[in-house]
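# Survey of secondary and tertiary structure
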Amino acid sequence: MTDTLIDRRDLAFQLYEVLDTESLSERERFSEHSRDTFDAVIETADKIARDKFATHNSAADKDEPKFVDGQVEMLPQVKEAFDAYADAGFIAGRYDYELGGMQLPESVMAACNGFFTAANPGTAGYPFLTTAAANLIRVFGNDQQKSTFLPHMLSGRFTGTMALTEPHAGSSLADIRTSATPTDDGHYLIKGAKIYISGGEQSLTENIVHMVLAKVKGAPAGVKGISLFIVPKFIVDEEGNATERNGVNLAGLIHKLGYRGTTSTALSFGDDAPCHGYLVGEPHQGLKYMFQMMNEARVGVGFGAAVIGYRGYMHSLEYAKDRLQGRKPSEKNPEAPQVPIIEHADVRRMLLAQKATVKVAWRCAYTAHA
Ligand SMILES: Cc1cc2nc3c(=O)[nH]c(=O)nc-3n(C[C@H](O)[C@H](O)[C@H](O)COP(=O)(O)OP(=O)(O)OC[C@H]3O[C@@H](n4cnc5c(N)ncnc54)[C@H](O)[C@@H]3O)c2cc1C
């Protein structure tokens, strides 16, 4: 089976001929970059994706994470892959140099992440959520929140999640019931339950930073009463070291059909112990802030579908070139050698339909990041 995740010529065409990504290096933000640095980082992504992510894609689908004594047990290969991704600087790839990032353009980061998602969408979910949660803190958090959480999320020491959905409130976030009660210390006590939280528990990192929607007691009804809180699994000191376990707990894991390597969790807040949360930005503006992460997730999920479809096409193409079956209608000799099925008009028609669908989706996805 082909180990090509994304054809590099296809990618180069999209990045450099359609999107003119190279010209971004004329802008001040990307002035230290060139096509050479873009290609080098893409080469690294391709290699790590093939060596560390693709190798356990099937195993992670068959052997999904397990709920054992309130903890998650998962394949050790997931941590190896996550650490390789973080160590190569991809979580921080789009961020400023001063934050430890590489200041790469979104289109180049999308190109890199395409390899990881095509290789193993479940494992790729953890760094994807982390970089998007970090972006929420970067844009809307205060200085203390940024210095406490950002460096550790961007280095891969902590992961991040988005915690919106509740058992009775999916599309209708106006109806969430998770509450936030102010304390005298200036932070809040969070109480409630969330469900379907991707990456809400894992055995990859020493801490998890949940970005939680909740309503401050006495808030206006509906979406205008929703606030955003940082709720870490472990309370941390200013250096990011764990001090005490916070009252957010794994209530269960949810089985799903795809992306199985990414845990889907039910979380309880403040059930057995106080759960401390830190308000991000202004009260009651939380849904507006959270839309930034929701939109990143929407584009990311669509992008995932496009690259998974693209990889499926790569397998179809390889199989059609390899599989010998029958002869052309013009060949009347039954002893003539069989031909690869790609030579049959109807197989070509199906391959072209597949190619047209996935390449249009793929190009739309890259363009969305440009
Ligand atoms: C793989 C996966 C990962 C997820 N990860 C996260 C996560 O990390 N964090 C998180 O907070 N949540 C997560 N979710 C939950 C997700 O946000 C919800 O599934 C989503 O908001 C829909 O809510 P629901 O499933 O309760 O469906 P419902 O809201 O019950 O909707 C059921 C159906 O009714 C339709 N519907 C509902 N209301 C209306 C309306 N007003 N008008 C017309 N149609 C309507 C919907 O479109 C849908 O077809 C995840 C879900 C999945 C499947």
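Above this text you will find the structure in question.
The structure reproduced in this document is the subject of the present report. On a predicted model such as this, the values are computed, not experimentally measured, just so you know. (Residues numbered from 1 in each chain as written. Predicted model: local features only at pLDDT ≥ 70, side-chain atom pairs only at ≥ 80, totals over all residues. Heavy atoms only, no water.)

Here the structure, examined in full by the defined rule, presents seven aromatic pairs. Aromatic rings pair up to connect F53, Y85, F90 and F116 into one cluster. Positioned over the ring face of F234 is R245, at 5.5 Å from the centre of the ring. (Phe/Tyr/Trp six-rings, centres within 6.5 Å; stacked < 30°, edge-to-face > 60°. Lys NZ or Arg CZ within 6 Å of the ring centre and 35° of its normal.)

Right, let's get into empty space enclosed by the protein. This model, assessed by the stated rule, comprises one cavity of 30 Å³ or more. Considered as a void within the structure, the largest cavity measures approximately 30 Å³ in volume. Surrounding the largest cavity, G200, E201, H210, K233, R245, V248, N249, L250 and L267 form its lining. For the lining of the largest cavity, the element with the most residues is strand β10 (residues 248-253), which contributes three residues. For the lining of the largest cavity, the per-class residue count stands at three nonpolar, three polar and three charged. (1 Å grid on protein atoms, 1.4 Å probe; cavity = no way out; pocket = protein on both sides within 12 Å on 5 of 7 lines; lining within 4 Å. Points joined across faces, edges and corners; volume = space filled by probe spheres on them. Helix = DSSP H or I, 4+ residues; strand = E, 2+ residues; numbered from the N terminus. Nonpolar A, V, L, I, M, F, W, Y, C, P; charged D, E, K, R; others polar.)

As a further point, take the packing of helix α1 (residues 8-18) against helix α9 (residues 345-369). Geometry of a packed helix pair, given as the angle between the helix axes and the separation of the axes. Contact pair α1 / α9: the axes reach a minimum separation of 11 Å and the direction vectors enclose 45°. Overall, the two elements α1 and α9 adopt an arrangement that is oblique. With respect to the hand of their crossing, α1 and α9 are arranged in right-handed fashion. Residues D10, L11, F13 and Q14 of α1 lie in contact with α9, whose contacting residues are K359, W362, R363, Y366 and T367. Residue classes in the contact of α1 with α9 are distributed as four nonpolar, two polar and three charged. (Axes fitted to C-alpha atoms, helices over the stretch in contact; angles between N-to-C directions. Parallel < 35°, antiparallel > 145°, perpendicular 65-115°, else oblique. Left-handed = near helix turned anticlockwise from the far one by under 90°. Contact = heavy atoms within 4.5 Å.)

Right, let's talk about the site of the ligand for a bit. Residues in close proximity to the ligand include M162, A163, L164, T165, G170, S171, Y196, I197 and S198, which together make up its full environment. Residue M162 places a main-chain N or O atom 2.8 Å away from a nitrogen atom belonging to the ligand. Mapped by element, the contributors of at least two residues to the shell around the ligand are β3 (158-163) and β5 (188-198). Here the shell around the ligand is built from residues that sort into five nonpolar, four polar and no charged. (Near = heavy atom within 4 Å. Polar contact = N/O pair within 3.5 Å; in protein donor to acceptor, adjacent residues only side chain to side chain.)

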